[in-house]
Amino acid sequence: MFDTLSGKFSDIFDRLRRRGALSESDVNDALREIRLALLDADVALPVVKDFVAKVKEQAVGAEVLRSVSPGQMVVKIVNDALIEALGGAPSPLNLFAPAPIPFLMVGLQGSGKTTTSAKIALRLKTRERKKVLLASLDTQRPAAQLQLEQLAQKAEVVSLPIIPGQTPLQIAQRAMETARREVYDVVILDTAGRLSIDLALMEEVKAIRAAVNPVETLLVVDAMTGQDAVTTATAFNEAVQITGIVMTRLDGDARGGAALSMRSVTGAPVKLAGMGEKLDALDEFNPERIAGRILGMGDIVGLVERAAANIDQVEAEKLAKKMAKGKFDLDDYASQLKQISKMGSLSGILGMLPGVGKIKQQIESANLDTTVFKKHVAIISSMTPAERRAPDILKASRKKRIAAGSGTTVQEVNKLLKQFDDMSTMMKRMNKMGGAEAMMRQVQ
Ligand code: GDP
């Protein structure tokens, strides 16, 4: 998600950070590019204008221009503006009400409403230890009630038994009565979807809302529909006053325009993000984390904390120097593998590093995985010091010896050499981008 913006912002800030001092025209150039990047990501025009104006107001101040690291300052300002556009602090589901707490799910057909109802039920059950009852009020589509029943079974959550012929209002009332009688904490009412904004169905939602007085009226919208999602949200909000938004298919939404516009345009907070078809693919919508991801500046705080706990300081410094000089041999690779193994998964760590957004995919496709690290360390241990310094001398007979010595195969030795090669290339690129140095600065 947000890949388009992330790539562009990464370029903009790479350029800014390379400058020692920023002139007003540098800032203006960057702002122009930010504006284009946002428009390209399908962010609503008024939101873009507001965003750029806010950043400009803060970035063009004399203090910023005189500051020691103006590029970083601009990054920080943009970061804060992004967090604000995304809605500030995370907005959790409201569970502060006497049980049974009714949640009303509304949205267009195909937005992912039924799936999201089951996802929320599962989330409340596993994370909040709530007893949840699911009920489908969709009498429009014959299979809708059955679909929710099946999803409920998958999530191992109870769904209200289906009684054919009941009206949506009757089902809603029966759900609430059942929940009171059987002491449920939360009742999730999945309403009938609409193909488009439909007055009759809106009236139905209003009647249900008046009857059950929901604590949350959650609108489910498909992020992939871009500005249409924002229009839909505005219409629903005017008709039935939503308390929050769940954006689905953010997993497939490279642009992110709707997610960025939603809060400013509708005033309603985005509470949750659907990240896939599976029932556990529902995340909290966390503006701070998302802004971090968009900017590719990473969760440096998290990295420092983990690194400080695990990394050998002297070793890290030695490696940083070698990397900066472009000298990096298999001994260093082994030493780095040991350290990275201690820190957790490689791609997880890379995700937290500044500036690596662009190359992360390449690294993932290179399939670097901590489980093979131990094997690699064993292979490297079976090499002579000369071989470690200059792996080019490794021909067939040497590889055979190393494979035998490390209890691996020649193929595995070859694979390691290929990965070392990939890694060296990556380091060179990171160095160019300042990423490797930044990482080492952080861990020292
Ligand atoms: P409804 O008509 O609004 O109730 O939509 P459904 O819940 O039936 O969902 C329609 C399709 O979207 C289904 O195939 C879901 O698996 C899929 N879907 C729902 N949420 C997400 C999501 O967050 N990501 C992805 N990739 N697919 C989703």
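Residues numbered from 1 in each chain as written. Predicted model: local features only at pLDDT ≥ 70, side-chain atom pairs only at ≥ 80, totals over all residues.

## Focus: the overall build of the protein chain
The helix and strand tally for the protein chain stands at 22 helices and eight strands. A total of 444 residues make up the protein chain; the buried ones form 42% of that total. (Helix = DSSP H or I, 4+ residues; strand = E, 2+ residues; numbered from the N terminus. Buried ≥ 20, exposed ≤ 12 C-beta atoms within 10 Å, placed from the backbone.)

## Observations concerning the sheet that holds strand 1 (residues 101-107)
The strand order 3-2-4-1-5-6-7-8 describes an open sheet built from eight strands, whose pairing is mixed. Because the sheet does not close on itself, it has two edges, and the strands there are strand 3 (158-159) and strand 8 (282-284). The pairing of strand 2 (residues 132-136) with strand 3 spans two bridges and is parallel. When the sheet's bridge partners are listed, Leu-134 is paired in strand 3 with Ser-159. Together, strand 1, strand 4 (186-190) and strand 5 (216-222) form the strand contacts of helix 9 (residues 199-212), whose direction differs from that of strand 1 by roughly 170°. Its contacts with the sheet place helix 10 (residues 227-240) against strand 1, strand 5 and strand 6 (244-248), and it is angled at close to 160° to strand 5. (Pairing = 2+ DSSP bridges. Contact = placed C-beta atoms within 7 Å. Axes fitted to C-alpha atoms, helices over the stretch in contact; angles between N-to-C directions.)

## With respect to the environment of Glu-128
Tracing the backbone through its elements, the reader meets Glu-128 in helix 6 (residues 113-128). Sequence separation of Glu-128 and Leu-95 is 33 residues, and the distance between their C-alpha atoms is 9.5 Å.

## Details of helix 3 (residues 45-59)
Relative to the 21 Å expected for 15 residues at 1.5 Å per residue, helix 3 spans 21 Å between its end C-alpha atoms, a close match to the ideal helical length. Three or more residues of helix 3 are buried, namely Val-48, Phe-51, Val-55 and Ala-59. Burial along helix 3 is one-sided: seen end-on, the buried residues are contained in an arc of 65°. What points out from helix 3, more than 90 degrees from its buried face, is the exposed set Pro-46, Lys-49, Ala-53 and Glu-57. (Expected span 1.5 Å × (residues − 1). Arc of directions from axis to C-beta.)

## Digging into the pairing of strand 6
Of all five residues in strand 6, four are buried; the element is thus mostly enclosed. In the sheet, strand 5 pairs with strand 6 via five bridges, with the strands oriented parallel. Bridge pairing links Leu-219 to Ile-245 in strand 6. Of the crossover connections in this fold, the one passing from strand 5 over helix 10 to the parallel strand 6 is right-handed. (Right-handed = clockwise from strand over helix to strand, strands pointing away.)

## Comments concerning the packing of helix 2 (residues 24-40) against helix 3
For the pair helix 2 and helix 3, the least separation of the axes is 10 Å and the interaxial angle reads 160°. Between helix 2 and helix 3, the interaxial angle falls into the category roughly antiparallel. Helix 3 is crossed by helix 2, and the crossing has right-handed handedness. Along the contact surface, helix 2 presents Val-27, Leu-31, Ile-34, Arg-35, Leu-38 and Leu-39, while helix 3 presents Val-48, Phe-51, Val-52, Val-55, Lys-56 and Ala-59. (Parallel < 35°, antiparallel > 145°, perpendicular 65-115°, else oblique. Left-handed = near helix turned anticlockwise from the far one by under 90°.)

## Comments concerning the pairing of strand 2
By the criterion of burial, strand 2 is predominantly enclosed, with five of the five residues buried. Here strand 2 shows a buried face lined by Val-132, Leu-134 and Ser-136 and a second buried face lined by Leu-133 and Ala-135. Two elements, strand 2 and strand 4, share five bridges in a ladder whose sense is parallel. Paired with Val-132 across the strands is Val-186, a residue of strand 4. Read from strand 2 through helix 7 (residues 144-155) to strand 3, the crossover connection turns out right-handed.

## Comments concerning the site of the ligand
Around the ligand, a shell composed of 18 residues is seen, among which Gly-112, Lys-113, Thr-114, Thr-115 and Gly-274 lie nearest. Among the elements that take part in the shell around the ligand, helix 6 stands out by supplying three residues, more than any other. Grouping the amino acids of the shell around the ligand by side-chain chemistry returns two nonpolar, twelve polar and four charged. (Near = placed C-beta within 6 Å. Nonpolar A, V, L, I, M, F, W, Y, C, P; charged D, E, K, R; others polar.)

## Topic: the environment of Val-78
Relative to the helices and strands, Val-78 resides in helix 5 (residues 70-86). C-beta crowding within 10 Å serves as the criterion here: with 27 such atoms nearby, Val-78 is assigned to the buried category. Sequence-distant contacts of Val-78, defined by excluding residues within four places in its chain, comprise Ile-34, Val-55 and Leu-295.

## Quick look at helix 20 (residues 396-406)
Considered for burial, the residues of helix 20 that qualify are Lys-399, Ile-402 and Ser-406. All buried residues of helix 20 lie within an arc of 65° about the axis, which places them on one face of the element. Summarising the geometry of helix 20, the exposed residues directed more than 90 degrees from the buried face are Ala-396, Ser-397 and Ala-404. At the C-terminal side of helix 20, Gly-407 shows a positive phi close to 70°.

## Overview of the confidence of the model for the protein chain
On average, residues of the protein chain score 81 in pLDDT, and 77% of them are at 70 or above. Of the regions scoring below 50 in pLDDT, residues 64-68 engages in six contacts with residues more than four places distant in sequence or in other chains. Every residue in residues 435-444 scores below 50 in pLDDT, and together they form 26 contacts with partners more than four places removed in sequence or on other chains. (pLDDT = per-residue confidence, 0-100.)

## Overview of the packing of helix 6 against helix 7
Their axes nearest at 9 Å, the elements helix 6 and helix 7 cross at an angle of 30°. Classified by the angle between their axes, helix 6 and helix 7 sit roughly parallel to one another. Viewed along their axes, helix 6 and helix 7 form a crossing whose handedness is right-handed. Counting all contacts with helix 6, which are made through Thr-114, Thr-115, Ser-117, Ala-118, Ala-121 and Leu-122, the residues of helix 7 involved are Ala-144, Gln-147, Leu-148, Leu-151, Ala-152 and Ala-155.

## Quick notes on the nonpolar core
Among the nonpolar cores identified, the biggest contains 91 residues, and Ala-121, Val-187 and Leu-189 are the most heavily contacted of them. With seven residues, helix 5 is the single largest residue contributor to this core. Of all hydrophobic cores here, the second largest spans eleven residues; its members include Tyr-333, Ile-380, Met-383 and Val-413. (Core = buried A, V, L, I, M, F, W, Y, C linked by C-beta atoms within 7 Å.)

## Here we look at unusual backbone geometry
Residue Ala-99 is joined to Pro-100 through a cis peptide bond whose omega torsion reads -5°. Looking at the secondary structure, you find Pro-100 in the loop between helix 5 and strand 1. Notably, Asp-42 is not glycine yet its phi reads approximately 75°, a positive angle. According to the C-beta neighbour criterion, Asp-42 is buried, with 20 such atoms within 10 Å. In the Ramachandran plot, Val-183 falls in the positive-phi region, its phi being about 55° despite a non-glycine side chain. Inspection of the secondary structure assignment puts Val-183 in the loop between helix 8 (168-181) and strand 4. On the neighbour-count criterion, Val-183 (9 C-beta atoms within 10 Å) is exposed.

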